[in-house]
Structure formats: structure tokens, C-alpha cells
Amino acid sequence: MIRAKIAEILDSNQFLQEFEVNGWVRSFRSNRFIALNDGSTINNLQCVIDFENFDQDELKRITVGAAISVKGTLVESQGNQQRVEIEVKEFNILGDANPEEVKLTILSPKRHSLEKLREQAHLRVRTNTFGAIMRVRSKLSFAVHSYFQQNNFHYVNTPIITGSDAEGAGEMFKVSALDMANPPRDGDGSINFHEDFFGKETNLTVSGQLEAETYALGLGQVYTFGPTFRAENSNTSRHLAEFWMIEPEVAFCDLDGNMDLAEDFIKHVLKYILEHCKDDLDFLDKRFKTEEEAKPKAERSGLGLMEKLHFVIDNNFKRVSYTEAIEILKNCKPNKKKKFNYIIEEWGADLQSEHERYLVEKHFKCPVILFDYPANIKAFYMRLNEDGKTVRAMDILFPGIGEIVGGSQREERLEVLQSKMKELNIDEKELWWYLDTRKFGTCVHSGFGLGFERLVQFVTGMGNIRDVIPFPRFPGNAEF
Ligand code: 4AD
Ligand code: MG
């Protein structure tokens, strides 16, 4: 008797071998055919029961959602839906699932909306769609690590609770152990954080970058891969309040090297997924097609999911300066006809996602790397160009997603960095450790951040970011 996962059994040629397998019932037809799934693959194992030989009361407990253990023999399937099946010799009910109660949940076998599935996020992983998404997500994170490890990057864990509030990436969640109803106060009535747990104000991190930089300037090349938090009130299909970010940081590397790294990295993980998630991608590809067909023609992407993945792997990302992009946008139809919500009038305008998506989806029709943005719409740490008005920033824009990567060459010159901080009222005392790196062996260095969920969205074709993380956090929702 071999105890095995369904993925292994479905690939097996050990006919007449006895297997033991545990899983959850997806369906039970004609009192004879159990479709069993154990999460190892999207495919179910057909377990065939000779009902005459079993106790009727026990058979009644084989219901959708129940956990069962099956012992039986591997045989070639009589039906043409599957190659192999298990002839059941023995089964055990491990956990019942009352059909009357199952009926009220998303486990009941009918179509449920994604919104409904989100409300039952603890059960949705038992559906084909979410099983596929979460297996792909897991493989993607492995691919991220494998890429960096193969290329001599060191994995660093930057703090989740941080005392520095200067990244400027977004609103922060405060972390405090003070009694909120009755906090200690200073003479002027303001809260006295000296009495708080850390003796100062602290927040959940919005990015591990500044700490990662210090590590790159010692370990050479590093990457982080961890949770980050933003308290912006953005109710969009691309924003989460808690999301995972991958942030490589490389010493002795300029912006061109940074773009090369980002492009190579993304292509590597996509190739890995095409190779290792075939069944799940086939399913998601079909799902994507159905979703697309339900959309108005103008909103369809034109390419299938697999085609999109191949397209990104096979083509160079188009590298375009911000200045060129502004010219394109100023003169494009939706701008002239005032179809954009934000009309691009002149150089210096911040790009909204509608502009980014126009460039990628309508104009260039491929992934785009925008670089050399105006200094005053980007963060303080980006390296100032000779022109004195642009910085060595880059954003990578993807079809259907918009911005997937944000990065830059860092300002390595102490005086330039100090004057920028002064201009933005960033207290040097707060970032003394960051400035130290510019005093002791400073060097050209660069890095970027890739939003992991946006990558998972791209790979799975899911329209809403809330459906590619197990338990999404967004304004008004922290259930589970
Ligand atoms: O562009 P951002 O804000 O860049 C940084 O945080 C830099 N410190 C990164 C670096 O250079 N090391 O965020 C980086 C990426 C975005 O391109 C986007 O993919 C993702 O993080 N992102 C979000 N993903 C989901 N929900 C949100 N609220 C996100 N905000 C940013
Ligand atoms: Mg950004």
C-alpha cells in the first residue's frame, strides 16, 4: 500500500498497485463515482465504488465537501474523461460535511461570484479557480527565490515594524502598545511616545528598501521578499493594504543595469511558471477566455492568457523616457478629446494609471519601462540627473496591470542627498544610519520593488488583486 498525493497517482503507471489517498469530495455521482481532490493538482481522482459491497449508511456520508480516506487499486479508466482511476476497496469518512449546511456555502456545486467567494475566503481555496491561483502563487514565490539565489543574491529580512517614516511611499499604519483611550501626554497635550513600547513612534513598513540598501552596501547584492503595508484609502482592483513586495538592491549597478535585471527576472519567473504550472495555467487560460468574451469588445485584451505570458517572455520591454511619454500622451486621441480623467497639459504631470495603460495597451502594445521622471514627483532617494530636474527612476508598466515595478538608481552623493532631504523637510537625525552609508564607502547602486500580487494577477489573469492573496486586506475589511 502506497500513501500518495493525487498528482502522483494521476501520473502513475503502477497498475494494480494499491494506493491510499486522502482528500475532499468534489462530487459523488450515481452512488458510484467519487471525484476526489486533495489540493496537489487541479485534477480530481476518480474513485469507483461498487456500492452493493458497502454499507448504505456509510455511503450516504460521501457528500460534497466531506474529507475521506480511500484505499484501492490503480486501474486504467473505463471512461474517457480520465486515464486512470481507483477501484475502491475500502473508504473511511474522516470529516463529514452536512449537505444542508454545505448548500449555504460556496462549496455547493454551482457558479458563485468572485465577490461571494471573497466573503468565504476560508473555503474558496477548495474551488478550482482558487486552488489554481494559490498553487501558481506558491510556485511563483519559489521562482523568485530561485532566480535570486542562482544569481548570487542574498536574501535579507528587513524589519516589519519600523521607526523611520521617510520613504514617502504612502500612508502608514501606526504601531503602538499605548492605551488608546488614555495615552500618556506631554505638557502641550500631544501623545508622549517616549513612553510607548519602543520609546518612539513606530509604523508598519511600506518598503524594506532603505534597510536593504545598507545591506547591499556590504553583501553586494540582496533581495527582500516580505509583507508591506499601506494605509492609503485606495479601493481599486490593484491596491491592497497588505501586500508582498520583492525588492532587490545591487551595489555597483546603475539604472540601465537595474532595468536589465528587472526584465531578466520577470522573464525568468514567467518561464518557470509556464514549465511548472501547466494544468493550472490551462484552466486559468480557459477561464480568462470566458471572462474576456463577457466583456465589451473595446475592453478585451485581444490576447489569451498563455499568449500574454509568451508575449512578455519573447519581446524586449520598450524603454521610453518620461519626456517622450509625455509627448505621446499630450498628442494622443483620448487626451485631445478629453477622455482621460486627468488631462495631460504639460511636462511635469504625474502619470495616472489611465495614462500608463494607454501607453502599454494602446500605443506600444508591449511592456514599457518609463525612466527619468521629474524629480518632484518621485522619492527623495532617487539619483538626480545632470539636467537638475529629472531623476534616475524607472517604472515598469504591464498590460492590464499598469505599474508592476517601481525602482531607481539611488542618490549616492552625500551632499546632493542632504540638500534634497532639506528641501523636503526630512530630518537628518531620523535617517542618520542611511546617511552613514553615503559617508563610508558610498557607491553607485540601484534597486526596485515588484508588487508580488500584481505579478500573480498578471500570471493568473485575475482582474481583482483581492483574488490573488489568500486573505486580502483592504479598506473596511480585515476578516479572518
Ligand atoms: O512604487 P513603489 O511604491 O516603490 C517602492 O516602495 C520602492 N521603495 C521600491 C524600491 O525601489 N525598492 O512600490 C513598488 C511596487 C509597485 O510598483 C507595485 O507593483 C507594488 O509595489 N505596490 C502595490 N501592490 C499592491 N497594493 C498596493 N497598495 C501597492 N503599492 C505598491
Ligand atoms: Mg511606484
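Structure's up top.
Sequence order as written defines the numbering, with residues in each chain counted from 1. Both sets of labels track the order of writing: A upward for chains, 1 upward for ligands. Totals for whole chains, interfaces and linings use all residues, but because this is a predicted model, local features are given only for residues with pLDDT of at least 70 and pairs of side-chain atoms are given and counted only at 80 or more. Computation of side-chain values: all heavy atoms of the structure, hydrogens and water removed.

**Student:** Would you take a moment to explain the overall build of the protein chain for this structure?
**Tutor:** Each helix is a run of DSSP H or I of at least 4 residues and each strand a run of E of at least 2, with the numbering of both proceeding from the N terminus. When its secondary structure is counted, the protein chain shows 15 helices and 17 strands. Burial classes: relative accessible area under 20% of the type maximum marks a residue as buried, over 50% as exposed, and values in between as partly exposed (1.4 Å probe, protein chains only). Burial statistics for the protein chain: of 480 residues in total, 50% are counted as buried. We call two residues contacting when some pair of their heavy atoms lies within 4.5 Å. Put simply, of all contacts in the protein chain between residues at least 6 apart along the chain, 67% involve residues at least 24 apart. Method for areas: the Shrake-Rupley scheme with a 1.4 Å probe, in which residue coverage is limited to the protein chains shown. Working note: accessible area of the protein chain is about 24100 Å², and carbon and sulfur atoms make up 49% of it. A positive count includes Lys and Arg, and a negative count includes Asp and Glu. His and the chain ends are not counted in either. Here the site of a charge means NZ on Lys, CZ on Arg, CG on Asp, or CD on Glu. Within the protein chain, one finds 60 positive and 74 negative side-chain charges whose respective centroids are separated by 6 Å.

**Student:** Just checking my understanding: could you explain the sheet that holds strand β9 (residues 174–175) for this structure?
**Tutor:** Two modes of strand pairing occur in sheets, parallel and antiparallel, and in both the strands are linked by backbone hydrogen bonds. Two strands qualify as a pair provided DSSP detects at least 2 bridges between them. The sheet built from three strands is open, its strands ordered β8-β10-β9 with antiparallel pairing. Each edge of the open sheet is held by one strand with a lone partner, namely β8 (161–162) and β9.

**Student:** Just to check I follow, could you spell out the sheet that holds strand β13 (residues 318–321) for this structure?
**Tutor:** The mixed open sheet is built from eight strands, whose spatial order is β7-β11-β12-β17-β16-β15-β14-β13. Since the sheet does not close on itself, it has two edges, and those belong to β7 (154–155) and β13, each with one partner. One ladder, built from six bridges, connects strand β15 (residues 390–398) with strand β16 (residues 402–409); its direction is antiparallel. By the bridge assignment, D395 is partnered in β16 with G406. Sheet contacts for helix α5 (residues 128–150): β7, β11 (221–229) and β12 (242–251); angle to β11, the most-contacted strand, approximately 150°. Of the strands in this sheet, β7, β11, β12 and β17 (445–451) touch helix α6 (residues 209–219), which is tilted by about 30° from β12. Geometry is summarised by axes, namely lines fitted to C-alpha atoms with helices restricted to the contacting stretch, and by angles between N-to-C directions that run from 0 to 180 degrees.

**Student:** What should I look at first to understand the packing of aromatic side chains in this one?
**Tutor:** Note on aromatic pairs: each is described by the distance of the centres and the angle between the planes. Geometry of aromatic contacts follows a simple scheme: Phe, Tyr and Trp rings, the Trp one being its six-membered ring, pair when their centres are within 6.5 Å, and the pair is stacked under 30 degrees between planes, edge-to-face over 60, tilted otherwise. Per the counting criterion, the structure on display carries 21 aromatic pairs. Residues F54 and F91 carry aromatic rings whose centres are separated by 5.4 Å and whose planes lie at 45° to one another, so their mutual orientation is tilted. One end of the pair, F54, is in the loop between β4 (45–48) and α2 (56–59); the other, F91, is in strand β6 (residues 84–95), with 37 residues separating them in the sequence. Since its relative accessible area comes to 18%, F54 is described here as buried. Residues Y147 and F148 carry aromatic rings whose centres are separated by 5.3 Å and whose planes lie at 85° to one another, so their mutual orientation is edge-to-face. With respect to burial, Y147 and F148 carry one shared label: buried.

**Student:** Looking at this structure, how should I read helix α15 (residues 452–460)?
**Tutor:** Three or four residues apart is the spacing at which side chains of an α-helix point the same way, because the helix has 3.6 residues per turn. Taking burial as the measure, the nine residues of α15 include nine buried ones, the bulk of the element. Buried within α15 are the following residues: F452, E453, R454, L455, V456, Q457, F458, V459 and T460. G461 sits one or two positions beyond α15 and adopts a positive phi of about 75°.

**Student:** How should helix α14 (residues 432–439) be read in this particular structure?
**Tutor:** Three or more residues of α14 are buried, namely Y434, L435, T437 and R438. Seen from one end, α14 has its buried residues packed into an arc of 145°, which puts them on one side. Residues of α14 that are buried in the fold lie against α6, α13 (414–423) and β17. Backbone geometry just after α14 places G441 at a positive phi near 70°. Arc definition: it is the arc formed by the directions from the helix axis to the C-beta atoms.

**Student:** Before we go on, may I ask you to explain the site of ligand 1 in this structure?
**Tutor:** Not every one of the 24 residues close to ligand 1 is listed here, only the nearest: Q209, R230, E247, E403 and I404. Pairing of N or O atoms within 3.5 Å defines a polar contact, subject to two protein rules: one partner must be a possible hydrogen donor and the other a possible acceptor, and residues neighboring in sequence count only if both atoms are side-chain atoms. At 2.6 Å, a side-chain N or O of E403 approaches an oxygen atom of ligand 1. Computed on the free molecule, ligand 1 has an accessible area of 630 Å², of which 92% lies beneath the protein chains in the complex. Of all the secondary structure elements, the ones that give two or more residues to the shell around ligand 1 are β12, β16 and β17. At five residues, the largest contribution of residues to the shell around ligand 1 is made by β16. When its residues are assigned to classes, the shell around ligand 1 shows eight nonpolar, eight polar and eight charged. Whether a residue is near a molecule or strand depends on its heavy atoms: if one lies within 4 Å, it is near. Amino acids outside the nonpolar list (Ala, Val, Leu, Ile, Met, Phe, Trp, Tyr, Cys, Pro) and the charged list (Asp, Glu, Lys, Arg) are all regarded as polar, and Gly is one of them.

**Student:** Before we go on, may I ask you to explain the environment of R230 in this structure?
**Tutor:** Examined against the element boundaries, R230 turns out to sit in the loop between β11 and β12. The spacing of R230 and M172 is 58 residues in sequence and 5.6 Å in space, taken between C-alpha atoms.

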